[in-house]
Structures are given as C-alpha cells and as structure tokens.
Amino acid sequence: MTSSPETPTEEKQTLPPGTTPYYARMHKWIKRAVLVCLVALVIEGAFTLPFMAVYYGYPTLSLTEICSELLKVRYSDDELECQVPYPALGPPEGAEGKDTARDEWGIQPVPKYDRIGFRELVRRHEEREARKAAEQQSANP
C-alpha cells in the first residue's frame, strides 16, 4: 500500500483539541508569541533583582538590611525590621506597619513617602546607626 495524501478528516485528528483547520495557523503563531513573551518575562525578572539590589546599595548593605530600610521608609517607622525567615503563619507583610504609614488609604492608596535615590538607603542606614551609637554613648558616660 502506498501512502495517500492526508484527507481532511486525518488532518483534523492531528490538530490540538478545540482548533479548527481554519484557525490552526493563527493558533500556532499565538502559541509562539506567548512563549516569546513568557521567556522575555523570565529574563526580565532574572535581571531585575540584581540591578535593584545594586541601586539600593547591595555591596554595602545585605539584602535583609535593604528590606528593613525599605520597610522603614515605606511605613515611616524606624523600628520595623524584615524577619528572615518569615514566620509561616505570620501576618501579611506590612500589616504591622500600616498604622504608622503617612499614606492616604482608600480604594487607590496614595503613598506619601519620599522617592528613594541611588544608594540613598546606605546613607539612611549609616545615619541611623550613628544616631544609635550617639544615644548609647550619651546614656553610658
């Protein structure tokens, strides 16, 4: 027996479920576009954290210190610290500092904290450490 060209019924059987022959080519290109977008998002996400960490001061501050400084700026509370590892059954991140934030809360919250500049968290951290050291020296003559 020789192989005959595919008949329309055989062609339908090779298509994915829910795809008609009329739209098969469009579905193929949509799948490719979605795959390209997903790969681009993964690559973007892989490079975002390192660049943001350096922007905030990574070599000088650890990632935990950067997290703590961001919480202190966001919630206007110098006592907040990032908990590492975060407790499994703990409150949602930021729930404890929400009452100290200067934001306008509503359907669409409006943040009132200052914009953070390049490596500004390092300066803020060093100023906070210097204040703590000065308070300890004045308390212990």
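Residues numbered from 1 in each chain as written. Predicted model: local features only at pLDDT ≥ 70, side-chain atom pairs only at ≥ 80, totals over all residues. Heavy atoms only, no water.

**Here's the deal with the overall build of the protein chain**
Step number 1: Scanning the protein chain for helices and strands turns up four helices and zero strands.
Step number 2: Traced from its N-terminal end to its C-terminal end, the protein chain shows the element sequence α-α-α-α.
Step number 3: If you sum the accessible surface of the protein chain, you get close to 11,400 Å²; carbon and sulfur atoms cover 61% of it. (Helix = DSSP H or I, 4+ residues; strand = E, 2+ residues; numbered from the N terminus. Areas by Shrake-Rupley, 256 points an atom, 1.4 Å probe, with all protein chains shown as cover.)

**Some thoughts on helix α2 (residues 24–56)**
Step number 1: A rise of 1.5 Å per residue sets the reference length of α2, with its 33 residues, at 48 Å; its end C-alpha atoms lie 48 Å apart and thus fit the reference within 8%.
Step number 2: Once α2 ends, the next one or two residues include Gly57, with phi positive near 120°. (Expected span 1.5 Å × (residues − 1).)

**Digging into the pattern of salt bridges**
Step number 1: According to the stated counting rule, one finds nine salt bridges in the structure shown.
Step number 2: For the salt bridge of Arg124 with Glu120, the shortest nitrogen-to-oxygen distance reads 2.9 Å. Of this pair, Arg124 and Glu120 both sit in helix α4 (residues 120–139), four residues apart, roughly one helical turn.
Step number 3: Glu120 gets classed as buried once you look at its relative accessible area, which sits at 16%.
Step number 4: Counted as one network, the salt bridges with shared partners bring together Glu69, Lys72, Asp78, Glu81, Arg128 and Arg131. (Salt bridge = Lys/Arg side-chain N within 4 Å of Asp/Glu carboxyl O. Buried < 20%, exposed > 50% of the residue type's maximum accessible area, 1.4 Å probe, protein only.)

**A short note on the packing of helix α3 (residues 63–75) against α4**
Step number 1: Taken N-terminus to C-terminus, the directions of α3 and α4 make an angle of 85°; their axes are 10 Å apart at the nearest point. The orientation of α3 relative to α4 falls into the category roughly perpendicular. Each of Glu65, Ile66, Glu69, Leu70, Lys72 and Val73 in α3 lies in contact with α4, whose residues at this interface are Leu121, Arg124, His125 and Arg128.
Step number 2: In the contact of α3 with α4, the residues fall into four nonpolar, one polar and five charged. (Axes fitted to C-alpha atoms, helices over the stretch in contact; angles between N-to-C directions. Parallel < 35°, antiparallel > 145°, perpendicular 65-115°, else oblique. Contact = heavy atoms within 4.5 Å. Nonpolar A, V, L, I, M, F, W, Y, C, P; charged D, E, K, R; others polar.)

**Overview of the UniProt feature "transmembrane region" (unreviewed entry) in the protein chain**
Step number 1: With numbering aligned to this structure, UniProt lists the feature "transmembrane region" (unreviewed entry) at residues 33–58.
Step number 2: This span, residues 33–58, is 92% helix and 0% strand, and a straight line between its end C-alpha atoms measures 35 Å. (UniProt positions renumbered as here; feature names shortened; annotations may be inferred.)

**Section: the environment of Arg119**
Step number 1: Here Arg119 shows up in the loop between α3 and α4.
Step number 2: Along the primary structure Arg119 and Val54 are separated by 65 residues, whereas in three dimensions their C-alpha atoms are 7.7 Å apart.
Step number 3: Those residues in contact with Arg119 that lie beyond four places of it in its chain are Val54, Tyr55, Tyr56, Gly57, Tyr58, Pro59 and Thr60.
Step number 4: Here Thr60 takes part through its side chain, which lies 2.8 Å from a polar atom of the side chain of Arg119. (Polar contact = N/O pair within 3.5 Å; in protein donor to acceptor, adjacent residues only side chain to side chain.)

**Side note on α4**
Step number 1: When the terminal C-alpha atoms of α4 are compared, their 29 Å separation across 20 residues agrees well with the 28 Å that a helix rising 1.5 Å per residue should span.
Step number 2: Taken residue by residue, α4 has Glu120, Leu121, Val122, Arg124, His125 and Arg128 as its buried positions.
Step number 3: The elements touched by buried residues of α4 are α2 and α3.

**Some words on the environment of Ala101**
Step number 1: By the secondary structure assignment, Ala101 is in the loop between α3 and α4.
Step number 2: Sequence separation of Ala101 and Tyr75 is 26 residues, and the distance between their C-alpha atoms is 4.1 Å.
Step number 3: Each residue touching Ala101, except ones within four places of it in the same chain, is listed here: Arg74 and Tyr75.

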